[in-house]
Amino acid sequence: MKRIVVTAIIIATSATLAGAQPAKGPYEPGLGEFMTVIQLRHAKLWFAGKNNNWDLAAYEIDEIKEGLEDAARLHSTFDGVPVSEMIKTIIDPRIERLEKAIDGKSSSQFVAAFDELTDGCNSCHAGASKPFIRIQRPTVPPLTNQNFAPLK
Ligand code: HEC
């Protein structure tokens, strides 16, 4: 008798749990999650450039570009903000300038273009009613387990 009751409870509980599970599609990160990864790469990009590690800088800017493309694809609008359009108009020209600076291995152009990109991040945040998300030049490397110096 006791065993039947326990079994019935287990079956009922499993059925409830199974019923509570919504059908899940592939995992889709929210815009804020894309942004957090982009933030990390923005910091790494700075230290790559400051160390004249142009290969790493080129890699990080590429990753930022891809991250923004994916964000724009999954969240072409966000709370009425035209994310995809804003990336195209605000960010793409600034990324192009950074790529030129990195290609030309120019520290001074890199610093100027990096600051312009950062201003672009902040313009978009202000335009998206998030003016309190302020990005700036990092002062210390975000992680200590990565070497930002170029290969000898
Ligand atoms: C298309 C406009 C747009 C651009 C361009 C943009 N952001 Fe964002 N960002 C947003 C929006 C909108 C949010 C708020 C997302 C939310 O509410 O989930 C955000 C949030 C963030 C956050 C907060 C994430 C968190 O959860 O703490 C960071 C950090 C961030 N962005 C960094 C950056 C950096 C760095 C760049 C530039 C390389 C950048 N963003 C460019 C629109 C933009």
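Residues numbered from 1 in each chain as written. Predicted model: local features only at pLDDT ≥ 70, side-chain atom pairs only at ≥ 80, totals over all residues. Heavy atoms only, no water.

Looking at the metal site, the iron atom of the ligand is ligated by Met35 (SD) and His125 (NE2), spaced 2.0 to 2.3 Å from it. Metal-centred angles of 84 to 179° between the six donor atoms at the iron atom of the ligand mark the site as octahedral. Taken together, the positions of methionine 35 in helix α2 (residues 31–50) and histidine 125 in helix α5 (residues 107–127) put the pair 90 residues apart, joining distant regions of the chain. Taking relative accessible area as the criterion, methionine 35 reaches 30% and is therefore assigned partly exposed. Assessed through its relative accessible area of 13%, histidine 125 is described here as buried. (Donors = N, O, S within 2.8 Å, 3.2 Å for Na, K, Ca; no water. Tetrahedral: all angles 85-135°; square planar, octahedral: opposite > 155°, others 65-115°. Helix = DSSP H or I, 4+ residues; strand = E, 2+ residues; numbered from the N terminus. Buried < 20%, exposed > 50% of the residue type's maximum accessible area, 1.4 Å probe, protein only.)

Turning our eyes to something else, we now look at the site of the ligand. Met35, Ile91, Cys121, Cys124 and His125 are the nearest of the 18 residues found near the ligand. At 3.5 Å from an oxygen atom of the ligand is found a main-chain nitrogen or oxygen belonging to glycine 32. Histidine 125 places a side-chain nitrogen or oxygen 2.8 Å from a nitrogen atom of the ligand. For the shell around the ligand, the secondary-structure elements that each account for two or more residues are α2, α4 (83–103) and α5. Counting residues per element, the shell around the ligand draws most heavily on α2, at six residues. Classifying every residue of the shell around the ligand by side-chain character gives 13 nonpolar, four polar and one charged. (Near = heavy atom within 4 Å. Polar contact = N/O pair within 3.5 Å; in protein donor to acceptor, adjacent residues only side chain to side chain. Nonpolar A, V, L, I, M, F, W, Y, C, P; charged D, E, K, R; others polar.)

This part is about the nonpolar core. Ranked by size, the top nonpolar core spans 33 residues in total, and within it Leu45, Leu98, Ile102, Phe110 and Leu117 carry the most contacts. Among the elements of the structure, α2, α3 (54–74), α4 and α5 are those that each provide at least two residues to this core. At nine residues, α4 tops the list of elements feeding residues into this core. (Core = buried A, V, L, I, M, F, W, Y, C linked by side-chain atoms within 4.5 Å.)

When the charged atoms of two side chains with opposite charge come close together, those side chains can pair. One pass over the full model with this rule turns up six salt bridges. Between arginine 41 and glutamate 60 there is a salt bridge, and its shortest N-O distance comes to 4.0 Å. In this pair, arginine 41 sits in helix α2 while glutamate 60 sits in helix α3, placing the two residues 19 residues apart along the sequence. The exposure class assigned to arginine 41 is partly exposed, which follows from its relative accessible area of 25%. Note that arginine 41 is salt-bridged to glutamate 63, the shortest N-O span being 3.5 Å. Here arginine 41 is found in helix α2, whereas its partner glutamate 63 is found in helix α3, with 22 residues between them in sequence. (Salt bridge = Lys/Arg side-chain N within 4 Å of Asp/Glu carboxyl O.)

Moving on, we come to a negative patch on the surface. On the surface, Asp62, Glu66, Glu69, Asp92 and Glu96 cluster together into a patch of negative charge. For the negative patch, the secondary-structure elements that each account for two or more residues are α3 and α4. Counting residues per element, the negative patch draws most heavily on α3, which supplies three residues. (Patch = residues over 30% accessible without salt bridge, like charges linked within 9 Å, V, L, I, M, F, W, Y side chains within 5 Å. Areas by Shrake-Rupley, 256 points an atom, 1.4 Å probe, with all protein chains shown as cover. Lys, Arg positive; Asp, Glu negative; His and termini not counted. Charge placed at Lys NZ, Arg CZ, Asp CG, Glu CD.)

It is worth spelling out unusual backbone geometry at this point. Its identity is not glycine, yet aspartate 79 carries a phi of approximately 50°, on the positive side. Here aspartate 79 shows up in the loop between α3 and α4. With relative accessibility at 67%, the residue aspartate 79 sits in the exposed group. Phi at serine 129 takes a positive value of approximately 60°, unusual for a residue other than glycine.

On to the packing of α2 against α3, then. Where α2 meets α3, the closest approach of the two axes is 9 Å, and the angle between their N-to-C directions is 165°. Taken together, α2 and α3 sit at an angle that is classed as roughly antiparallel. Two packed elements cross with a definite hand, and for α2 against α3 that hand is left-handed. Here α2 contributes Leu31, Phe34, Met35, Ile38, Arg41, His42, Lys44, Leu45, Ala48 and Gly49 to the contact with α3, which in turn contributes Trp54, Leu56, Ala57, Glu60, Ile61, Glu63, Ile64, Gly67, Leu68, Asp70, Ala71 and Leu74. (Axes fitted to C-alpha atoms, helices over the stretch in contact; angles between N-to-C directions. Parallel < 35°, antiparallel > 145°, perpendicular 65-115°, else oblique. Left-handed = near helix turned anticlockwise from the far one by under 90°. Contact = heavy atoms within 4.5 Å.)

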